[in-house]
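Working through the structure, step by step
Residues per chain, in single letters:
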Amino acid sequence: MSEQPSRPRTTGKPHRRPKKDPVRFLAFEVLRAVDERDAYANLVLPPLLRKARASGDFDGRDAALATELVYGTLRRQGTYDAIVAACVDRPLREVDPPVLDVLSLGAHQLLGTRIPTHAAVSASVELARVVLGDGRAKFVNAVLRKVAQHDFDAWTEKIAPPYEDDPEDHLALVHSHPRWIVSALWDSLGGGRAGIEELLKADNERPEVTLVARPGRSTTDELMDEEAAVAGRWSPYAVRLTEGGEPGAIDAVRSGRAGVQDEGSQLVALALANAPLDGTDAHWLDGCAGPGGKAALLAALAAERGAVLLASEKQPHRARLVAKALDGNPGPYQVVTADGTRPPWRPGSFDRVLMDVPCTGLGALRRRPEARWRRKTEDLDGFAPLQRGLLRTALESVRVGGVVGYATCSPHLAETRAVVADLLKQFPQTELVDARPLLPGVPSLGDGPDIQLWPHVHGTDAMYLAIIRRTG
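All of the points below concern the structure found in this document. (Residues numbered from 1 in each chain as written. Predicted model: local features only at pLDDT ≥ 70, side-chain atom pairs only at ≥ 80, totals over all residues. Heavy atoms only, no water.)

**Things to note about the overall build of the protein**
Helix and strand counts for the protein stand at 20 helices and 12 strands. Projected onto the principal axes, the alpha-carbon positions of the protein cover approximately 115 × 55 × 40 Å. Partitioning the intrachain contacts of the protein with sequence separation of at least 6 by distance along the chain shows that 72% fall at a separation of at least 24. For the protein, the exposed surface amounts to about 21800 Å²; the carbon and sulfur share of it is 50%. If the 59 positive side-chain charges of the protein are averaged to one point and the 62 negative ones to another, these points end up 5 Å apart. (Helix = DSSP H or I, 4+ residues; strand = E, 2+ residues; numbered from the N terminus. Contact = heavy atoms within 4.5 Å. Areas by Shrake-Rupley, 256 points an atom, 1.4 Å probe, with all protein chains shown as cover. Lys, Arg positive; Asp, Glu negative; His and termini not counted. Charge placed at Lys NZ, Arg CZ, Asp CG, Glu CD.)

Structure (structure tokens):
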């Protein structure tokens, strides 16, 4: 009797191929770019969204969800890591980074959005099947089911020390900032618990898109015709898009007559332009002009007075962005590629000088949430010589009676008042100008004479500005 061939064994369920969710897959792609290439989400996400919408994969709601998943996950990354760490039986460093990205995306959907629990878990597991494989998808499923057992407040109560025992560590975990940044912001802000908590909360909110109508090229009335557009709070050239949107689709922005520029950045340029001078007012300098927002506003303001702006930028690709921003300016200007610490112009050549120096960017954590996890305290030492060198150039470049604006997008005292104090000692024939009257109507600018803007107070990035007059 011949042996009959055995039938293949079945598992009862046919193997199902994972279904790709384009929204969550795109969000995962951005997180991997941030993690693997040190990319910035605000540079990676927009072109991916445009491609998805052009292909018909996305509509407006899909784009909004993808944006929320990316930025929300990055803002809360440190806290989500601590929560995930409490749900796994191994050190977090032993979990592969792509797996952590899927877990963080899932944790944000569970703890930071209104997506139902079952949908958040199942969508994350399906994403894991697509990008990681079935084996690790089971791990993702098990971890996220543990995460789903508590809401965000309950989790932070479990993992954060009481405020009374360790205020900075408590705030760091509850508001998702590294401890050293909490400490630095608190030192700069001063005051008690309420102020620092409001600031940290503001850092975790999605900022509005703010436009600038460049004088002589566009008007706020033109920009106010856009949907959900309202006037800026402080700058006469600002318009806020309260529901986001795509600035590149606006004709005035597309043609360069208007731009996207935080209102704090606009105020820095306006304060320098408003500072009183002794003598002529014909030659202005932007010594760190890239990518060109402040330079474009300054050039337009200079043109109204018959003055000329020289915009200098060390990096060639950023200098090209400056030239693009200034193209069409109603008055004369010049863009040069030059090292601001070794300038090609003669000392004392300018009546007004702006030096918006490279810095840690702690004032723009709303816009670049991944920067908070990327920056280290030692970065301050790396920026310090450059910041002092650039301010030295600015003070040498301005004529006697002229003014210098020293600006940073960081409120850290080591990048603001410490730099200014050091250079004033080296240049005794200078004086600080009270900058607060240069921004009439803007409240809570501090004790002066310098200015510190805050997200939770002014709705701007945390820009710092000191105005210095050369007296001899």
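**Quick word on the environment of C359**
The topology assignment puts C359 in the loop between strand 8 (350–356) and helix 17 (371–374). Residue classification places C359 among the buried positions, given a relative accessible area of 13%. C-alpha of C359 to C-alpha of L380: the two residues are 21 residues apart in sequence and 7.9 Å apart in space. The contact partners of C359, leaving out residues within four places of it in the chain, are R375, F383, Q387, T408, C409, S410 and E415. (Buried < 20%, exposed > 50% of the residue type's maximum accessible area, 1.4 Å probe, protein only.)

**Let's talk about helix 2 (residues 41–54)**
With 14 residues, helix 2 extends 20 Å between its outermost C-alpha atoms, agreeing within 8% with the 20 Å of an ideal straight helix rising 1.5 Å per residue. Every buried residue of helix 2 is listed here: A41, V44, L45, L49 and A52. Burial along helix 2 is one-sided: seen end-on, the buried residues are contained in an arc of 120 degrees. Exposed side chains of helix 2 directed beyond 90 degrees from the buried face belong to L43, R50, K51 and A54. The secondary structure elements touched by the buried residues of helix 2 are helix 1 (22–37) and helix 3 (60–75). (Expected span 1.5 Å × (residues − 1). Arc of directions from axis to C-beta.)

**Here's the deal with the pattern of salt bridges**
This structure, assessed with the given rule, holds 33 salt bridges. For E36, the salt bridge identified is with R32, shortest N-O distance 3.3 Å. Remark: R32 and E36 occur in helix 1; sequence separation between them is four residues, near one turn of the helix. Its relative accessible area of 60% is what places E36 among the exposed residues. K294 is paired through a salt bridge with D356; the nearest N and O atoms lie 2.4 Å apart. Pair noted here: K294 is in helix 15 (residues 293–304) and D356 is in strand 8, with a separation of 62 residues, a long-range link. One exposure class covers both K294 and D356, and it is buried. Taken together, the salt bridges that share partners define one network made up of R32, D35, E36 and D101. (Salt bridge = Lys/Arg side-chain N within 4 Å of Asp/Glu carboxyl O.)

**Concerning the pairing of strand 7 (residues 333–337)**
In this structure, strand 6 (residues 308–313) lies alongside strand 7, joined through five bridges in parallel fashion. Along strand 7, the bridge assignment pairs E313 with T337. (Pairing = 2+ DSSP bridges.)

**Focus on the packing of aromatic side chains**
With the rule as written, the count across this model stands at three aromatic pairs. When the centroid spacing of 6.4 Å and the interplanar angle of 90 degrees are considered together, the rings of Y80 and F152 count as edge-to-face. Of the two residues, Y80 sits in helix 4 (residues 77–85) while F152 sits in helix 8 (residues 152–159), which places them 72 residues apart along the sequence. Each member of the pair, Y80 as well as F152, is classed as buried. Note on Y406 and Y464: the rings are 6.5 Å apart at their centroids and 70 degrees apart in plane angle, and the pair reads as edge-to-face. Taken together, the residues span a long stretch of sequence, with Y406 in strand 9 (residues 398–408) and Y464 in strand 12 (residues 464–470) at a distance of 58 residues. Judged by relative accessible area, Y406 falls into the buried class, the value being 0%. For Y464, a relative accessible area of 3% translates into the label buried. (Phe/Tyr/Trp six-rings, centres within 6.5 Å; stacked < 30°, edge-to-face > 60°.)

**Observations regarding unusual backbone geometry**
Following G290, the chain continues to P291 via a peptide bond in cis, the omega torsion being 0 degrees. Note on placement: P291 falls in the loop between strand 5 (283–286) and helix 15. Residues G448 and P449 are joined by a peptide bond in cis, for which omega reads 0 degrees. Of note, S176 is a non-glycine position whose phi angle comes to about 55 degrees, a positive value. Among the secondary structure elements, S176 is positioned in the loop between helix 9 (167–174) and helix 10 (179–189). Residue S176 is classed as buried on the basis of its relative accessible area, which comes to 0%.

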